[in-house]
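Listed below are the residues making up each chain.
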Amino acid sequence: MDVRMSIPKSRLILPGNYIVKIRFYSKVRMEGEHGDSDGCWDVDTHTIYIGKHLSLARQKYIFRHELVHAVNDWFLYFDYCERGWNVGAVVMTQSSIHS
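I will try to describe carefully the structure that is included in this document. (Residues numbered from 1 in each chain as written. Predicted model: local features only at pLDDT ≥ 70, side-chain atom pairs only at ≥ 80, totals over all residues. Heavy atoms only, no water.)

Brief notes about the pairing of strand S1 (residues 11-14)
Alright, step 1. Taken together, the four bridges between S1 and strand S2 (residues 18-25) define a ladder with antiparallel strand orientation. Pairing of Arg11 across the sheet is with Lys21, part of S2.
Alright, step 2. Following S1, the chain reverses through three residues before pairing antiparallel with S2; Gly16 in that reversal takes a positive phi of roughly 85°. (Pairing = 2+ DSSP bridges. Helix = DSSP H or I, 4+ residues; strand = E, 2+ residues; numbered from the N terminus.)

Some words on the side chain of Glu66
Alright, step 1. The topology assignment puts Glu66 in helix H2 (residues 56-83).
Alright, step 2. Put simply, Glu66 is tucked away with no salt bridge, and the nearest opposite charge, on Arg58, sits 8.2 Å away.
Alright, step 3. In contact with Glu66, not counting residues within four places along its chain, are Gly39, Cys40, Trp41 and Ile48. (Buried < 20%, exposed > 50% of the residue type's maximum accessible area, 1.4 Å probe, protein only. Lys, Arg positive; Asp, Glu negative; His and termini not counted. Salt bridge = Lys/Arg side-chain N within 4 Å of Asp/Glu carboxyl O. Contact = heavy atoms within 4.5 Å.)

Examining the nonpolar core
Alright, step 1. Judged by nonpolar contacts, the single largest core of 14 residues is most densely connected at Val20, Trp41, Ile48, Ile50 and Phe63.
Alright, step 2. The set of elements that each furnish at least two residues to this core consists of S2, strand S4 (47-51) and H2.
Alright, step 3. Element by element, the count of residues in this core is highest for H2, at four residues.
Alright, step 4. Excluding anything up to four places from it in sequence, Phe63 contacts Met5, Ile7, Pro8, Leu12, Ile22, Ile48 and Ile50. (Core = buried A, V, L, I, M, F, W, Y, C linked by side-chain atoms within 4.5 Å.)

Focus: the sheet that holds strand S3 (residues 39-42)
Through backbone hydrogen bonds, the strands of a sheet pair up, either in parallel or in antiparallel fashion.
Alright, step 1. Spatially, four strands are ordered S1-S2-S4-S3 in an open sheet, and the strand pairing comes out mixed. At either margin of the open sheet sits one strand with a lone partner, and together these are S1 and S3. Mean inter-strand twist for the sheet, computed between neighbouring axes without regard to direction, equals 15°.
Alright, step 2. In this structure, S2 lies alongside S4, joined through five bridges in parallel fashion. Among the inter-strand pairings, Arg23 is bridged to a residue of S4, identified as Tyr49.
Alright, step 3. Sheet strands touched by helix H1 (residues 27-34): S2, S3 and S4. Its angle to S2, the strand with the most contacts, is close to 120°. (Axes fitted to C-alpha atoms, helices over the stretch in contact; angles between N-to-C directions.)

Structure below.
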């Protein structure tokens, strides 16, 4: 299946002005900051990190995978806001889940 999708160069804005930053890191920097990972979602900084040393197909896969985490956190964030709950609690919970 040919899915023509490009990865945004620096950010993606979800409804409610929830900004998801996108950063491409070298293999050395990825390993230094994120361990043995091709990519990751950082809920605290709202950033998707992707290894720039990966093939384009793998980068697209990593982006889609990490975007699922970002959208889940976006949903929880606004769900908590609408209910008047402590948003800090959802950030802490999601950070511990993704670790």
